[in-house]
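Structure at a glance
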Amino acid sequence: LAYDHHDLDDGLKSGLLTEEQLMAVPGFRRSHEAVLARQPDLSDEGALRSSVVRSMIDGAVGDVLRESGSRLASHSPRSVDDVRGAPRRLVSFSEGAARERAGLQAFLQANLYGHYRVRRMQEKAKRFLEELFREYVAHPEQLPPSYHARIESVGVKQGVADYIAGMTDRYAQDEYRRLFLPFERV
């Protein structure tokens, strides 16, 4: 739920998605209309976008709470085994909200994740991480001392992979600069 809506928001902010495109997504259109009905003078693009996305999140969360409450009330689990043995998930979206969510995900897949600029960034990130990996595997002494023992126990490739997996995006970018740009401070 959070990923979908944050990706939607990021897609709008970046200009990879437009409100016009999103009007084909029922949940977006409904939230957009509801926000404008409550705040007809809302003309700031960023404020409108944030309000619509927040309205979509509120609607999805409300649906999960209502549906889950109903399922819990009808099943009345008293133990973990009761929850595991339930004939269907007890915490879930309603069927209608699940269909809407699937529609949003399909829209994001087709229009955001498949966008040529997103694909370009994915390939760029892949090359970037592969270069870090190759450099650290070839020269593991460049890793912090705390990883040397890890490499001894799991091997250099796994140790390097673990190190890279723990990096934030910003830290990985900084490491790349420190390793490959000659005038960066190490």
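Structural notes, computed from the coordinates. (Residues numbered from 1 in each chain as written. Predicted model: local features only at pLDDT ≥ 70, side-chain atom pairs only at ≥ 80, totals over all residues. Heavy atoms only, no water.)

Right, let's talk about the overall build of the protein for a bit. Helix and strand counts for the protein come out as 10 helices and 0 strands. Written out in order from the N terminus, the α and β elements of the protein read α-α-α-α-α-α-α-α-α-α. The C-alpha atoms of the protein give 23 Å as radius of gyration, which overshoots the globular expectation for 186 residues (16 Å, by more than 25%). C-alpha extents for the protein along the principal axes are approximately 60 × 50 × 25 Å. Buried positions account for 28% of the 186 residues belonging to the protein. Put simply, 53% of the contacts in the protein that link residues at least 6 apart link residues at least 24 apart. Once the 27 positive and 28 negative side-chain charges of the protein are each reduced to a mean point, those two points are 2 Å apart. (Helix = DSSP H or I, 4+ residues; strand = E, 2+ residues; numbered from the N terminus. Rg over C-alpha atoms; globule rule 2.2 N^0.38 Å. Buried < 20%, exposed > 50% of the residue type's maximum accessible area, 1.4 Å probe, protein only. Contact = heavy atoms within 4.5 Å. Lys, Arg positive; Asp, Glu negative; His and termini not counted. Charge placed at Lys NZ, Arg CZ, Asp CG, Glu CD.)

With that settled, the discussion passes to the side chain of glutamate 67. On the secondary structure map, glutamate 67 appears in helix α4 (residues 45-75). Apart from the residues within four sequence positions on either side, glutamate 67 is in contact with Arg88, Ser92, Phe93 and Ser94.

In this section: the environment of aspartate 10. For aspartate 10, the position within the fold is in helix α1 (residues 2-14). For aspartate 10, a relative accessible area of 44% puts it in the partly exposed group.

Right, let's talk about the layout of surface pockets for a bit. In this structure, the largest pocket occupies an estimated 580 Å³ of space. Met121, Ala125, Phe128, Asp169 and Gln173 are the residues nearest the centre of the largest pocket, which is lined by 16 residues in total. Of all the secondary structure elements, the ones that give two or more residues to the lining of the largest pocket are α7 (116-138), α9 (156-165) and α10 (169-180). Counting residues per element, the lining of the largest pocket draws most heavily on α7, at 9 residues. In terms of residue class, the lining of the largest pocket is built from 9 nonpolar, 3 polar and 4 charged. Quantified by volume, the second largest pocket comes out at close to 320 Å³. Counting only elements with at least two residues in the lining of the second largest pocket, the list comes to α3 (26-38), α4 and α6 (95-113). Among the elements that line the lining of the second largest pocket, the one with the most residues is α4, at 6 residues. Taken together, the residues that form the lining of the second largest pocket break down as 7 nonpolar, 5 polar and 5 charged. (1 Å grid on protein atoms, 1.4 Å probe; cavity = no way out; pocket = protein on both sides within 12 Å on 5 of 7 lines; lining within 4 Å. Points joined across faces, edges and corners; volume = space filled by probe spheres on them. Nonpolar A, V, L, I, M, F, W, Y, C, P; charged D, E, K, R; others polar.)

Let's shift gears to the pattern of salt bridges. Per the stated rule, a full pass over the model turns up 9 salt bridges. Between arginine 101 and aspartate 4 there is a salt bridge; the shortest N-O distance is 3.4 Å. Within this pair, whereas arginine 101 is found in helix α6, its partner aspartate 4 is found in helix α1, the two being separated by 97 residues in sequence. Accessibility expressed as a relative area gives 8% for aspartate 4, which makes it buried. Here arginine 178 ties to glutamate 175 by a salt bridge, and the two come within 2.7 Å at their closest N and O atoms. Remark: glutamate 175 and arginine 178 occur in helix α10; sequence separation between them is 3 residues, near one turn of the helix. Residue classification places arginine 178 among the partly exposed positions, given a relative accessible area of 24%. (Salt bridge = Lys/Arg side-chain N within 4 Å of Asp/Glu carboxyl O.)

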